[in-house]
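Per-entry structural report
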Amino acid sequence: MVQTPGGIDIEAHQDSAALIDRDTDFKDLGLADVLVDACKSLGWVHPTQIQKKTIPLGLKKKDVVALAQTGSGKTAAFALPILQALLKETLPLFAVVLAPTRELAFQISDQFRAIGSQLGVVVATIVGGVDHMSQAIFLAKKPHIVVGTPGRILDHLQNTKGFSLSKARFLVLDEADRLLNLEFESAVDKILEHLPKNRVSFLFSATMTSKVSKLKRASLRNPVKVEVDAKYRTVDTLVQNYLFVPEIYKDCYLYHLLIQFSGNSTIVFTSKCVSGQKLALVLRHLNFKAIPLHGKLSQSKRLDALNRFKSGESLVLVATDVASRGLHIPDVDLVINYDIPDSAKGYIHRVGRTARAGKGGRALNLVTQYDVEYFQKIEQYIGEKMRLYPTEEEVVLASAERVAEAQRAAAVEIREFSTKKRKRDE
Ligand code: AMP
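Residues numbered from 1 in each chain as written. Predicted model: local features only at pLDDT ≥ 70, side-chain atom pairs only at ≥ 80, totals over all residues. Heavy atoms only, no water.

Attention now goes to the overall build of the protein chain. The helix and strand inventory of the protein chain stands at 16 helices and 16 strands. Taken across its 426 residues, the protein chain has 53% of its residues classed as buried. Looking at the protein chain alone, contacts between residues at least 24 apart form 74% of all its contacts between residues at least 6 apart. (Helix = DSSP H or I, 4+ residues; strand = E, 2+ residues; numbered from the N terminus. Buried < 20%, exposed > 50% of the residue type's maximum accessible area, 1.4 Å probe, protein only. Contact = heavy atoms within 4.5 Å.)

With that out of the way, let us pick up the packing of aromatic side chains. Summed over all chains, the structure comprises seven aromatic pairs. Consider the rings of Phe78 and Phe112, whose centres lie 6.3 Å apart with planes at 45 degrees: the pair is tilted. Here Phe78, found in helix α3 (residues 74-88), pairs with Phe112, found in helix α4 (residues 102-115); they are 34 residues apart in sequence, far enough to count as distant. Judged by its relative accessible area of 0%, Phe78 falls in the buried class. For the ring pair Tyr242 and Phe375, a centre distance of 5.5 Å and an interplane angle of 50 degrees mean the geometry is tilted. With Tyr242 in strand β10 (residues 238-244) and Phe375 in helix α14 (residues 372-382), the pair connects residues that are 133 residues apart, well separated along the chain. What makes Tyr242 partly exposed here is its relative accessible area of 22%. Residue classification places Phe375 among the buried positions, given a relative accessible area of 4%. Through a chain of ring-to-ring contacts, three or more aromatic side chains come together here, namely Phe78, Phe112 and Phe204. (Phe/Tyr/Trp six-rings, centres within 6.5 Å; stacked < 30°, edge-to-face > 60°.)

Moving on, we get to the sheet that holds strand β9 (residues 224-227). Across the sheet, seven strands lie side by side as β5-β6-β4-β7-β8-β3-β9; this open sheet has parallel pairing. Only two strands of the sheet have a single partner each, and these edge strands are β5 (123-126) and β9. This sheet shows a mean twist of 15 degrees between the axes of neighbouring strands, independent of strand direction. With four bridges joining them, strand β4 (residues 95-98) and strand β6 (residues 145-148) adopt parallel strand pairing. Residue Val97 lies in a different strand from β6, and its bridge partner there is Val147. (Pairing = 2+ DSSP bridges. Axes fitted to C-alpha atoms, helices over the stretch in contact; angles between N-to-C directions.)

On to the sheet that holds strand β13 (residues 316-319). With respect to topology, seven strands assemble into an open sheet ordered β12-β13-β11-β14-β15-β10-β16, the strand pairing being parallel. Pairing within the sheet leaves two strands with one partner each, and these edge strands are β12 (290-293) and β16 (387-388). Inspection of the sheet shows β10 paired to strand β15 (residues 361-367) by seven bridges, in the parallel sense. Directly across from Tyr242, in β15, lies its bridge partner Asn365. This element, helix α10 (residues 250-260), spans β10, β11 (266-269), β13, β14 (334-337) and β15 of the sheet and lies at about 165 degrees to β15.

Strand residues, when the strand is regular, have side chains that alternate between the two faces of the sheet. Of all five residues that make up strand β7 (residues 170-174), five are buried, and the element is covered over most of its length. Neither face of β7 is open: one carries Phe170, Val172 and Asp174, the other Leu171 and Leu173, and all of them are buried. As judged from the five bridges shared by β7 and strand β8 (residues 200-205), these two strands associate in the parallel manner. Among the inter-strand pairings, Val172 is bridged to a residue of β8, identified as Phe202.

Let us now look at unusual backbone geometry. Most peptide bonds are trans, and most residues other than glycine sit at a negative phi. Although it is not a glycine, Lys61 adopts a positive phi angle of roughly 60 degrees. Inspection of the secondary structure puts Lys61 in the loop between α2 (49-59) and β3 (64-67). Here Lys61 falls in the partly exposed class, since its relative accessible area comes to 42%. Positive phi values are uncommon outside glycine, yet Asn287 reaches one of about 75 degrees.

This paragraph deals with a nonpolar patch on the surface. Among the surface-exposed residues, Phe244, Val372 and Leu388 lie close enough to one another that they form a single nonpolar patch of about 270 Å² accessible area. Note on Leu388: relative accessible area 48%, which makes it partly exposed. (Patch = residues over 30% accessible without salt bridge, like charges linked within 9 Å, V, L, I, M, F, W, Y side chains within 5 Å. Areas by Shrake-Rupley, 256 points an atom, 1.4 Å probe, with all protein chains shown as cover. Salt bridge = Lys/Arg side-chain N within 4 Å of Asp/Glu carboxyl O.)

Moving on to the nonpolar core. Counting residues in hydrophobic clusters, the biggest one holds 42 residues, and the most contacted among them are Leu80, Ile82, Phe112, Ile145 and Phe202. In terms of residues, this core owes the most to one element, α3, which gives nine residues. Those residues in contact with Ile82 that lie beyond four places of it in its chain are Phe94, Ala95, Phe112, Ile145, Phe170, Val172 and Phe202. One finds Cys252, Tyr253, Phe261 and Leu334 within the second-largest nonpolar core, a separate group that totals 30 residues. (Core = buried A, V, L, I, M, F, W, Y, C linked by side-chain atoms within 4.5 Å.)

Those residues of α14 not exposed but buried are Phe375, Ile378, Glu379 and Ile382. Down the axis, α14 shows its buried residues gathered within 100 degrees of arc, on one side only. Exposed residues lying more than 90 degrees from the buried face of α14 are Glu373 and Gln380. Remark: Gly383 follows α14 within two positions and exhibits a positive phi of approximately 70 degrees. (Arc of directions from axis to C-beta.)

Taken N-terminus to C-terminus, the directions of α2 and α3 make an angle of 25 degrees; their axes are 9 Å apart at the nearest point. One way to sum up the angle between α2 and α3 is to call them roughly parallel. Here the hand of the crossing between α2 and α3 comes out right-handed. Between α2, through Ile50, Gln51, Thr54, Ile55, Gly58 and Leu59, and α3, the contact on the second element is made entirely by Lys74, Ala76, Ala77, Leu80, Pro81 and Gln84. When grouped by side-chain class, the residues that make up the contact of α2 with α3 number seven nonpolar, four polar and one charged. (Parallel < 35°, antiparallel > 145°, perpendicular 65-115°, else oblique. Left-handed = near helix turned anticlockwise from the far one by under 90°. Nonpolar A, V, L, I, M, F, W, Y, C, P; charged D, E, K, R; others polar.)

Laid out in structure tokens, this is it:
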């Protein structure tokens, strides 16, 4: 266990939630016994910092803007006040939770169900890529909580007879910063029109826009801002290094690192779906059980990839930023930024997959001649000058021939796949 200066313990044995406040119990926050017991049965004895700060406000039905990272226990921070209110007033379509990705929506739903299992809470997960009709049938049964991605929820609001959120008491925007971005602007705005004005709103995000105009769109009523850690920084238990690599030998360096760290669960981040898919194939030809996770895969394939990685069946996940936000992937030992992210916030989200809950973790950044500027910006932002990870070029490049062969085999496979697909489509 690590003792931090603030007297907060980081419990090394905890599987997840990073900062636990051991001086506080859930009961102290004003939660009903049945919910305190529900937390206990999930192994949560003390609240995390964000829970300690947010739950009392939520119970008072205040609008909250909370800055909290995934892994901080933020889901329970908004789920518990909602469930407590639901205890008093068991109404259908009581709360709607919006999330930017399908995976995150599933995760949030799971937590609502886990905490509310003794309360008979019915949760609907409404995301794209899943049969529309079965969702409509489920919505007709009037679930208490609707969790989903904006596009599909809006679709049902507009097209599913009898589905309305006009009586919802709570709105949550998880990963709010992203939901308030251009990508979701139109859907979120339209959903807001379907919600009553006198609702309670919770906005949660690891990073939050300073653009007040954006927040205004969510029409909050005197929101209270809650921050666990105002500065976006990486945790102390994370070791961060960089490697300066020529662009053409990136795969050789990656191969070298994966061998050095074999046995570690690793996420390799790429910036594009196509390069991620290709890289996973290259790694397979190099005998790593690598699986891709990106936005171009079907929903079932994405969940399958995540489950195979979580179960340890595969130790290398090649992911785009789809995986870096909001997903709880426990016990990742190593994050490799094969492509350097183009924003510092993106970097923090990515490396936040490791060194959770006081455990150690490592991030390795492959910096090419083209990435220097971005990389320096990241260093500036997190306030840390990273050290070079030592490698011997000769040793790394000894595998160049093998890697080139794997690249060729992967390229052939991709070509064959595209040809087959074209023929099928014709
Ligand atoms: P989140 O930040 O909501 O993604 O939560 C990350 C993980 O923390 C989840 O797996 C929760 O099961 C876990 N968790 C939430 N609250 C607590 C708590 N008070 N104590 C221990 N673990 C928790």
